[in-house]
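Observations on the model geometry
Below are the chains, spelled out letter by letter.
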Amino acid sequence: MSEHVTGGSGGAGASWPAVREVALLFLKLGTIAFGGPAAHIAMMRDELVRRRGWVSDERFADLMGATNLIPGPNSTELAIHLGHDRARMRGLVAAGVCFILPAALIVTTLAWAYVTYGSTPAAEGLLYGIVPAVIAIIAHALFGLWRTVIKTAWLGALALAALAAYLAGVNELLILAAGALLAAAVRLPRRLPRRPPGDQNRLPGVLAAPLLAFGGSPLFPEPTGGQLTQLFLTMLKIGSVLYGSGYVLLAFLRGDFVERLGWLSSQQLADAVSIGQVTPGPVFTTATFVGYVVAGPIGAFVATVAIFLPSFVFVGLLTRLTGWLRSSRWASALLDGVNAAALALMAGVSYQLARTAVVDPLTAAIAVLSLVLLWTTKLNNAWLIAGGAAIGLARAALLAG
């Protein structure tokens, strides 16, 4: 497809200008991407599909669905995969590192302030104006993806059922699995054509590997040695097995760092999670904060590398399968179901976010104006984020005065 790689067809063979444009784009996204994974995905779609045309909506939806099949932070893995699509292995590394780096640096700075002064700078005023603009960005992306992902009335019904299940509290991974299986059951005939020998068990074998690590398997034995080694291996285990939202991350961190190791108090963990929520970029940079509290700057670096490293490995494996996912008849049906369920999860998260963020006429006005601007112009998301931040800070200053 023409919207894929611009420099070479394999290995690291991408032109450096392509790698540089990938790095700069994801560095910008990592700096302005407030609002969690749904917002990150919406911003990536706006930049790569709507503004630059690097990938089609269909390709974007396929990558979004495919990353839901592996453990780890989905929006970060989507960034890594999009970087690979544009500039192969160099782009894969550049996109992931540049998307993670701004948040990691910001969280490290806030962790320093927390350890030094016992508190972190207030962010409520900033987020007051930013989050309504983010909700508009998500809504705009949802509309565009709906037209691409929901190809039949049946997939529309499946997406609505997945949304209802999510709002009722059903586990996200269960919703994704059910969506894939139901779509395949409805679309495919009773007897599937026999696959070529080279394709036998190709997808299940690769995707099952990370699942073997659930529950602290022998793949990740209890770490031994110094504190940094233990910190690295514990974060590596979490990054390798974690499906689901930031609330699932909280459960893992509590089990390891509060209850098993006793390195953090419950209050410190709550503060770490709140910092991960109010900073841009991946929520998994909560690990950066935890690492700093445990072992200072080197601990922050070690924890960040460890929790994100599995994502690079898993996406590196997944890049070899996404084309086959769409070309294989049964895998394509599964992917359609995953895409519909993933879109429903994105809608559910944005609905919950809107309920907490649109609290008065001013926040409603920010959301509506942002949506109108997205629909009628090609204004960059960064300006919407900056405008919302300015309004939020101005309101906070007036209230303080």
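Since the model is a prediction, treat every value here as computed from it, not as a measurement.

So, how was this worked out
Position labels on residues start from 1 in each chain and follow its written sequence. Reporting of local features is limited, given that this is a predicted model, to residues whose pLDDT is at least 70; pairs of side-chain atoms are given and counted only at 80 or more, and all residues count toward the totals for whole chains, interfaces and linings. To get the side-chain values, take all heavy atoms of the structure and skip hydrogens and water. Each helix is a run of DSSP H or I of at least 4 residues and each strand a run of E of at least 2, with the numbering of both proceeding from the N terminus. When a residue's accessible area, from a 1.4 Å probe over protein chains only, is under 20% of the maximum for its type it is buried; when over 50% it is exposed; and in between it is partly exposed. Should any heavy atoms of two residues lie within 4.5 Å, those residues are considered in contact. Accessibility throughout is a Shrake-Rupley quantity obtained with a 1.4 Å probe, and a residue counts as covered only by protein chains that appear here. Salt bridges, as used here, are contacts in which a Lys or Arg side-chain nitrogen is within 4 Å of a carboxyl oxygen on Asp or Glu. The patches reported here contain residues having more than 30% relative accessible area and no salt bridge. Joining distances are 9 Å for like charges and 5 Å for nonpolar side chains (Val, Leu, Ile, Met, Phe, Trp, Tyr). Classification of ring pairs uses Phe, Tyr and Trp, with its six-membered ring standing for Trp, and accepts pairs whose centres are within 6.5 Å; under 30 degrees between planes counts as stacked, over 60 as edge-to-face, and the remaining range as tilted. Throughout this description, the term charge over a ring refers to an Arg CZ or Lys NZ atom that lies within 6 Å of the ring centre and within 35 degrees of the ring normal. Each axis is a line fitted through C-alpha atoms, taken for helices only over the stretch in contact, and angles between the N-to-C directions span 0 to 180 degrees. The labels follow the angle: roughly parallel below 35 degrees, roughly antiparallel above 145, roughly perpendicular from 65 to 115, and oblique for the rest. Crossings are sorted by hand: turned counterclockwise from the far helix by less than a right angle, the near helix makes the crossing left-handed, and turned clockwise it makes it right-handed. Each residue gets one of three labels, nonpolar for Ala, Val, Leu, Ile, Met, Phe, Trp, Tyr, Cys and Pro, charged for Asp, Glu, Lys and Arg, and polar for the others, Gly among them.

1. Re the overall build of the chain
Helix and strand content of the chain: 16 helices and zero strands. Looking at the chain residue by residue over its 401 residues, the buried ones come to 53%. A fraction of 75% describes how many contacts in the chain between residues 6 or more apart in sequence connect residues 24 or more apart. Accessible surface, the chain: about 17,300 Å² in total, of which carbon and sulfur atoms supply 66%.

2. Quick notes on the environment of leucine 269
If you trace the backbone, leucine 269 turns up in helix α11 (residues 266–278). Residue classification places leucine 269 among the buried positions, given a relative accessible area of 0%. Residues leucine 269 and arginine 254, spaced 15 residues apart in sequence, show a C-alpha to C-alpha distance of 7.2 Å.

3. What to know about the pattern of salt bridges
Counted by the stated rule, this structure contains eleven salt bridges. Notably, a salt bridge pairs arginine 52 with glutamate 47, separated by 2.2 Å at the nearest N-O pair. On the accessibility criterion, glutamate 47 (0% relative accessible area) is buried. Through salt bridges with shared partners, a single ionic network connects Lys28, Glu47, Arg51 and Arg52.

4. Considering the environment of valine 97
Looking at the secondary structure, you find valine 97 in helix α4 (residues 74–117). For valine 97, a relative accessible area of 42% corresponds to the partly exposed category. The spacing of valine 97 and phenylalanine 312 is 215 residues in sequence and 9.6 Å in space, taken between C-alpha atoms.

5. Description of a nonpolar patch on the surface
On the surface, Leu228, Ile298, Phe301, Val305, Leu309, Val313 and Leu317 cluster together into a nonpolar patch covering about 590 Å² of accessible area. Broken down by element, the residue count for the nonpolar patch peaks at six residues, all from helix α12 (residues 286–318). Within the secondary structure, leucine 228 is located in helix α9 (residues 227–241). By relative accessible area, leucine 228 is classed as partly exposed at 36%.

6. Observations concerning the packing of aromatic side chains
According to the stated counting rule, one finds four aromatic pairs in the structure shown. On the numbers, 5.0 Å between centres and 65° between planes, the contact of tyrosine 114 with phenylalanine 289 is edge-to-face. Here the residue tyrosine 114 occupies a position in helix α4, and phenylalanine 289 occupies one in helix α12, the gap between them amounting to 175 residues. Exposure class is identical for tyrosine 114 and phenylalanine 289. Each is buried. With 5.1 Å between their ring centres and 50° between their planes, phenylalanine 143 and tryptophan 375 make a pair best called tilted. With phenylalanine 143 in helix α5 (residues 124–149) and tryptophan 375 in helix α15 (residues 361–376), this pair connects stretches of sequence that are 232 residues apart. When the ring centre of tryptophan 54 is taken as reference, the NZ or CZ atom of arginine 52 above it lies at 5.9 Å. Above the face of the tyrosine 128 ring, arginine 395 is positioned so that its terminal group lies 3.9 Å from the ring centre.

7. Examining the packing of helix α6 (residues 153–167) against helix α14 (residues 329–357)
For the pair α6 and α14, interaxial distance at closest approach is 8 Å and the crossing angle is 45°. Classified by the angle their axes make, α6 and α14 are oblique. You can see that α6 and α14 cross each other, and the crossing is right-handed. Within the contact between the two elements, α6 uses Leu155, Leu158, Ala159, Ala162, Leu163, Tyr166 and Leu167 and α14 uses Asp336, Gly337, Ala340, Ala341, Ala344, Leu345, Ala347, Gly348, Val349, Tyr351 and Gln352. Looking at the contact of α6 with α14 residue by residue, the classes come out as 14 nonpolar, three polar and one charged.

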